[in-house]
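Geometric and topological summary
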There are 2 protein chains.
Amino acid sequence: MATMHDVARLAQVSVSTVSYVLTGTRPISQATRNKVLAAMAQLDYQPNAMARGLASRRSRILGLLMPMDERGLGATETAFVTGAAAAASVAGYHLVLSPVGGGNPDDLRRLASQRMLDGVVLMEVQLADERVTVLQEVGVPLVLIGRTGDTSTLSYVDIDFDQTVREAVAHLVSLGHRQIVYVNHSAATLASGYGPALRTRDAFTAAMTGHGLEPVMIAAEDSAAGGRAALAAAFAQAPKLTAVLAMNETAIFGILGELTGRGLSVPDDVSVVSMVTSPQVAELATPALTAMTSPGSALGRIAIEALTRHLDGPADQRHQQLLPCTLEIRGSTAAPRRPALATSGPTPNNGG
Amino acid sequence: MATMHDVARLAQVSVSTVSYVLTGTRPISQATRNKVLAAMAQLDYQPNAMARGLASRRSRILGLLMPMDERGLGATETAFVTGAAAAASVAGYHLVLSPVGGGNPDDLRRLASQRMLDGVVLMEVQLADERVTVLQEVGVPLVLIGRTGDTSTLSYVDIDFDQTVREAVAHLVSLGHRQIVYVNHSAATLASGYGPALRTRDAFTAAMTGHGLEPVMIAAEDSAAGGRAALAAAFAQAPKLTAVLAMNETAIFGILGELTGRGLSVPDDVSVVSMVTSPQVAELATPALTAMTSPGSALGRIAIEALTRHLDGPADQRHQQLLPCTLEIRGSTAAPRRPALATSGPTPNNGG
DNA sequence: CCGCTTCGTCGAAGCGCTTCGACGAAGTCT
DNA sequence: AGACTTCGTCGAAGCGCTTCGACGAAGCGG
């Protein structure tokens, strides 16, 4: 392993000159620069990351803290990660993912106070999130994906659930649906303060009320069985429902299964829209699901950009931004068989 | 941020003594140790990871290099990651995931030569994998998940595809199936030298031949449409097939959809077994899929243990180990409607 | 042509830690 | 009892880099 010293000797300059060539923090003549670069190439020199980090007090490593549970990561999350990694690379940082279990905030505190990470992006933030507190105490620059309850002081990037739900509902209403049921995450998830579940619940109520319709929400366990149960509950509460809106990638397969089991066809008898869903998952179902696709890659990019701007720039302003999901019409939505008393809306169509 | 110096001064000992308390590399009297520990607690001292790393020339960070593509990570992969992270933590290491795109081996070389990672676990290894070469050149201790073509010199942990396929085939044969089709990954994947696809192909041929049956394999694109096409191809090649074995978590949903589309019921008309599949995905389908569940968490743990043993122990022996998937019978397998001429086998049953 | 800034380079002082050699005190053989 | 180890501690020398202050050499306005 060649060191900077070796490069300096070979190029017949001082170590500091080599350092300036590497970092560009002071002007270096073109001739000297070339000599140094040649020496580096000849020795196959790679700077030692830890020495740089120690001396400069910045590791140029960003951490992405993601809870890894048994559910796996959807395409949305991986798009997020790749978007973030690409943005970090552009800004001259490395991105590493740390699979912190939700379990142990002490682990997190230790990791963060060891000064190995210049900044942190926190995924799957709860409305009241202990991890946020820990990280703030330690003083690590922080960007959240999702929001805590009190959004005032922190930087975050999140999905615009309000607009996403509004758009999904508008799509169904414009097709002629009037009895729309929203299948949310489980009651336990809601109770634990999971922001997306809470915010979509409120947005759904608002959107339906805005159309003069009655909002019906069902909480479903995150499993196929949960989806089946939820559909049964939905029919119990709204026997004449013609459309299901769901934000539960797992339960939705149970919903589809149960629909088929009841002899109902999608989309002719019941339309289905899946929210915050990746195209890959949407294509898994037959028919492919009309879905609100999450802006995964953009979320990741923007989060990292906000973080690096904070780290490199002098002003430590915060960045708060919402991005809506986009409607992608596939085969699971159509006009209801017997359109309810049409109040408004364009011609129903078969959404290709 | 308190430093070791501060701790030493407060405890009225030398810095080296504090270091020995921290690392346990030399004996320290109980009295001194207590003084030091008290000082650390009082100052809320956390050692600086980069200083330790620079001085000791070991970062105590292990990298898990995982390709992140648009397909997302299944529960198998996340189980792998959590198993690995837990094992690393036990051994006193941090595990970070690096989302290296398959794209750029130079990025990888840079990352690895910066001495930030004490060792590396490489996922999704190809039979001829450029990344392996790069990492070996750089001299980073390495454990593979999967195997290269030449398995002689490297440490690896992999699924025992041979036994897994044998067991899956045995299950179907014992139910009375004789016409079994194997749906593999795509032809392109096979051509690219993806080990699991190649090995299961050979294992399937061997297993079927061993039972005196004819092996039929179909390559399917990793998509629902690919699955549908594969099923059509399967029926073209083996019109009387009664069972499908698949190793393609995405295509399998297309297979199921197409089966339903043809008016065939699972498991009464056709049995389906999904290989290297997590319980979560298996439960998504209706009926839930009989599957060969991959030993994700154990794979991760064993890989990390092999790596840390190599790093901490003196002998640098290599570790090569295969783990089979375990059969979990759910609702997608049963005796065929008209069992073929029974050659052997226990009583067909309905697999709970 | 003198004082002044800017350019390009050097040497040295750390960054916060580990680790080596040394050394007095104590224990252990024989 | 003398010769060795072992124990418990210290001081100092780095690990490989960044960064600060310094300084000769140009460039330049007056």
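Residues numbered from 1 in each chain as written. Chains lettered and ligands numbered in written order. Predicted model: local features only at pLDDT ≥ 70, side-chain atom pairs only at ≥ 80, totals over all residues. Heavy atoms only, no water.

1. Observations regarding the overall build of chain A
Looking only at helices and strands, chain A has 14 helices and 12 strands in total. In summary, chain A has a C-alpha radius of gyration of 26 Å against a globular reference of 20 Å for 352 residues, an excess of more than 25%. In terms of overall dimensions, chain A has C-alpha extents of about 85 × 40 × 35 Å along its principal axes. Taking all 352 residues of chain A together, 53% fall into the buried category. Contacts in chain A between residues far apart in sequence, at least 24 positions, make up 69% of those at least 6 positions apart. Per element, the accessible surface of chain A, about 14,800 Å² overall, is 53% carbon and sulfur. Of note, chain A has its 27 positive side-chain charges centred 7 Å away from the centre of its 30 negative side-chain charges. (Helix = DSSP H or I, 4+ residues; strand = E, 2+ residues; numbered from the N terminus. Rg over C-alpha atoms; globule rule 2.2 N^0.38 Å. Buried < 20%, exposed > 50% of the residue type's maximum accessible area, 1.4 Å probe, protein only. Contact = heavy atoms within 4.5 Å. Areas by Shrake-Rupley, 256 points an atom, 1.4 Å probe, with all protein chains shown as cover. Lys, Arg positive; Asp, Glu negative; His and termini not counted. Charge placed at Lys NZ, Arg CZ, Asp CG, Glu CD.)

2. A word on the protein's contact with DNA strand D
Of all residues adjacent to DNA strand D, which total 27 residues, the nearest are Met 4, Tyr 20 and Arg 26 of chain A together with Thr 17 and Thr 32 of chain B. Within 4 Å of the protein, atoms of DNA strand D come from sugar and phosphate in 57% of cases. Here a phosphate oxygen of DNA strand D sits 2.7 Å away from a polar atom, N or O, in the side chain of Ser 19 of chain A. Elements with a minimum of two residues in the surface near DNA strand D: helix H2 (15-23) and helix H4 (49-56) of chain A together with helix H2 (15-23) and helix H4 (49-56) of chain B. (Near = heavy atom within 4 Å. Polar contact = N/O pair within 3.5 Å; in protein donor to acceptor, adjacent residues only side chain to side chain.)

3. Some remarks on the pattern of salt bridges
Residues and elements named next belong to chain A. Following the criterion strictly, the structure yields 26 salt bridges over all chains and no others. Notably, a salt bridge pairs Asp 6 with Arg 9, separated by 2.8 Å at the nearest N-O pair. Here the residue Asp 6 and the residue Arg 9 both occupy positions in helix H1 (residues 4-11), the gap between them amounting to three residues, near one helical turn. Relative accessible area serves as the criterion here: at 23%, Asp 6 is assigned to the partly exposed category. One salt bridge in this structure joins Arg 330 and Glu 283, with 3.4 Å as the shortest N-O distance. Note that Arg 330 is positioned in the segment after strand S12 (326-328) and Glu 283 in helix H13 (residues 279-284), a separation of 47 residues in sequence. Arg 330 gets classed as buried once you look at its relative accessible area, which sits at 10%. By relative accessible area, which is 39% here, Glu 283 ends up partly exposed. (Salt bridge = Lys/Arg side-chain N within 4 Å of Asp/Glu carboxyl O.)

4. Overview of the interface of chain B and chain A
A common measure of how large an interface is: the accessible area buried when the components associate. Taken together, the contacts link 44 residues of chain B with 44 residues of chain A. Taking both partners together, chain B and chain A bury about 4,000 Å²; carbon and sulfur atoms supply 68% of that area. On the chain B side of the contact with chain A, Met 50, Gln 114 and Leu 284 of chain B bury the most area, a combined 16% of that side's loss. At the junction of chain B and chain A, the tally comes to zero salt bridges. (Buried area = accessible area lost by both parts, 1.4 Å probe.)

5. Some words on the relation of the copies chain B and chain A
Least-squares fitting of chain B to chain A yields an RMSD of 0.1 Å, with the superposition described by an axial translation of 0.0 Å and a rotation of 180°. The superposition operator between the copies reduces to a two-fold rotation axis. A shared binding surface is used by both copies, with 100% of the interface residues of chain B retained as interface residues in chain A. (Least-squares fit on C-alpha atoms with pLDDT ≥ 70 in both.)

6. Regarding the nonpolar core
Residues Leu 95, Leu 245 and Met 275 of chain A together with Leu 95, Leu 245 and Met 275 of chain B are the most contacted members of the largest nonpolar core, which totals 98 residues. Here Leu 245 of chain B is in contact with Ala 168, Val 169, Ile 180, Val 181, Tyr 182, Val 183, Phe 204, Val 273 and Met 275 of chain B, once residues within four sequence places are set aside. Residues Val 183, Phe 253, Val 270 and Ala 285 of chain A belong to the second largest nonpolar core, which totals 56 residues. (Core = buried A, V, L, I, M, F, W, Y, C linked by side-chain atoms within 4.5 Å.)

7. Some remarks on the pairing of strand S1 (residues 61-65) of chain A
All names here are of chain A. Counted residue by residue, S1 has five buried out of five residues, so it is predominantly covered. The alternating pattern of S1 places Ile 61, Gly 63 and Leu 65 on one face and Leu 62 and Leu 64 on the opposite face, and all of these are buried. Sheet topology note: the S1/strand S2 (residues 94-98) ladder contains five bridges and is parallel. In the strand pairing of S2, Leu 64 is matched with Leu 97. Note: S1 against strand S3 (residues 119-122), four bridges, orientation parallel. Across the sheet, the residue bridging to Leu 64 is Val 121, located in S3. (Pairing = 2+ DSSP bridges.)

8. A few points about the sheet that holds strand S12 (residues 326-328) of chain B
Residues and elements named next belong to chain B. Across the sheet, which stays open at both edges, the six strands sit in the order S7-S6-S8-S9-S10-S12 with mixed pairing between neighbours. Strands at the two margins of the open sheet, each flanked by one partner only, are strand S7 (216-219) and S12. Pairwise comparison of adjacent strand axes, ignoring direction, gives a mean angle of 20° for this sheet. Where strand S10 (residues 290-293) meets S12, three bridges bridge the pair, whose relative direction is antiparallel. Along S12, the bridge assignment pairs Thr 293 with Thr 326. (Axes fitted to C-alpha atoms, helices over the stretch in contact; angles between N-to-C directions.)

9. As for the packing of helix H11 (residues 224-237) of chain A against helix H12 (residues 251-261) of chain A
Residue and element names in this part refer to chain A. The contact between H11 and H12 brings their axes to 6 Å, and the two run at 55°. What the angle tells us is that H11 and H12 run oblique. The two elements H11 and H12 cross, and the hand of that crossing is right-handed. Contacts from Ala 224, Gly 227, Arg 228, Leu 231 and Phe 235 in H11 reach Ala 251, Gly 254, Ile 255, Glu 258 and Leu 259 in H12. Class assignment of the residues belonging to the contact of H11 with H12 gives a composition of six nonpolar, two polar and two charged. (Parallel < 35°, antiparallel > 145°, perpendicular 65-115°, else oblique. Left-handed = near helix turned anticlockwise from the far one by under 90°. Nonpolar A, V, L, I, M, F, W, Y, C, P; charged D, E, K, R; others polar.)

10. Let's talk about the protein's contact with DNA strand C
Taken together, the neighbourhood of DNA strand C is formed by 27 residues, with Thr 17 and Thr 32 of chain A together with Met 4, Tyr 20 and Arg 26 of chain B sitting nearest. Between DNA strand C and the protein, one listed contact pairs a base oxygen with a side-chain N or O atom of Arg 26 of chain A at 2.7 Å. Of all the elements in the fold, those that place two or more residues in the surface near DNA strand C are H2 and H4 of chain A together with H2 and H4 of chain B. For the surface near DNA strand C, the per-class residue count stands at 12 nonpolar, 11 polar and four charged.

11. Brief notes about the side chain of His 171 of chain A
Residues and elements named next belong to chain A. Structurally, the position occupied by His 171 is in helix H8 (residues 161-175). Classification of His 171 as buried rests on a relative accessible area of 9%. Apart from residues no more than four positions distant in its own chain, His 171 is found in contact with Val 273, Thr 290, Leu 327, Ile 329 and Thr 333.

12. Here's the deal with the domain arrangement of chain A
Taken as a whole, chain A is organised into domain 1 (4-47), domain 2 (61-159 + 296-324) and domain 3 (161-294). Taken over C-alpha atoms, the centre of domain 1 of chain A sits 61 Å from the centre of domain 3 of chain A. (Domains from an automatic or database assignment.)

13. Looking at H11 of chain A
Taking 1.5 Å as the rise per residue, H11 of chain A with 14 residues should run 20 Å; its terminal C-alpha atoms sit 20 Å apart, in good agreement. Those residues of H11 of chain A not exposed but buried are Ala 224, Gly 226, Gly 227, Ala 230, Leu 231, Ala 234 and Phe 235 of chain A. Looking at the buried side of H11 of chain A, the elements it contacts are strand S6 (180-184), strand S7 (216-219), strand S8 (243-246) and H12 of chain A together with helix H13 (279-284) of chain B. (Expected span 1.5 Å × (residues − 1).)

14. Brief notes about the UniProt feature "domain: HTH lacI-type" (unreviewed entry) in chain A
The positions UniProt marks with the feature "domain: HTH lacI-type" (unreviewed entry) are residues 2-56 of chain A. Along residues 2-56 of chain A one finds 71% helix and 0% strand; the C-alpha atoms at either end are 20 Å apart. (UniProt positions renumbered as here; feature names shortened; annotations may be inferred.)

15. Examining the sheet that holds strand S10 (residues 290-293) of chain A
Residue and element names in this part refer to chain A. Reading across the sheet, the six strands line up as S7-S6-S8-S9-S10-S12 and stay open at both edges, with mixed pairing between neighbours. Each having just a single partner strand, S7 and S12 make up the two edges of the open sheet. Looking at each pair of strands side by side, their axes are set apart by 20° on average, direction ignored. Note: S6 against S8, four bridges, orientation parallel. Residue pairing for S8: Ile 180 is matched across the bridge by Ala 243. On the sheet, helix H10 (residues 195-210) packs against S6, S7, S8 and strand S9 (271-275) and is oriented at approximately 170° with respect to S6.

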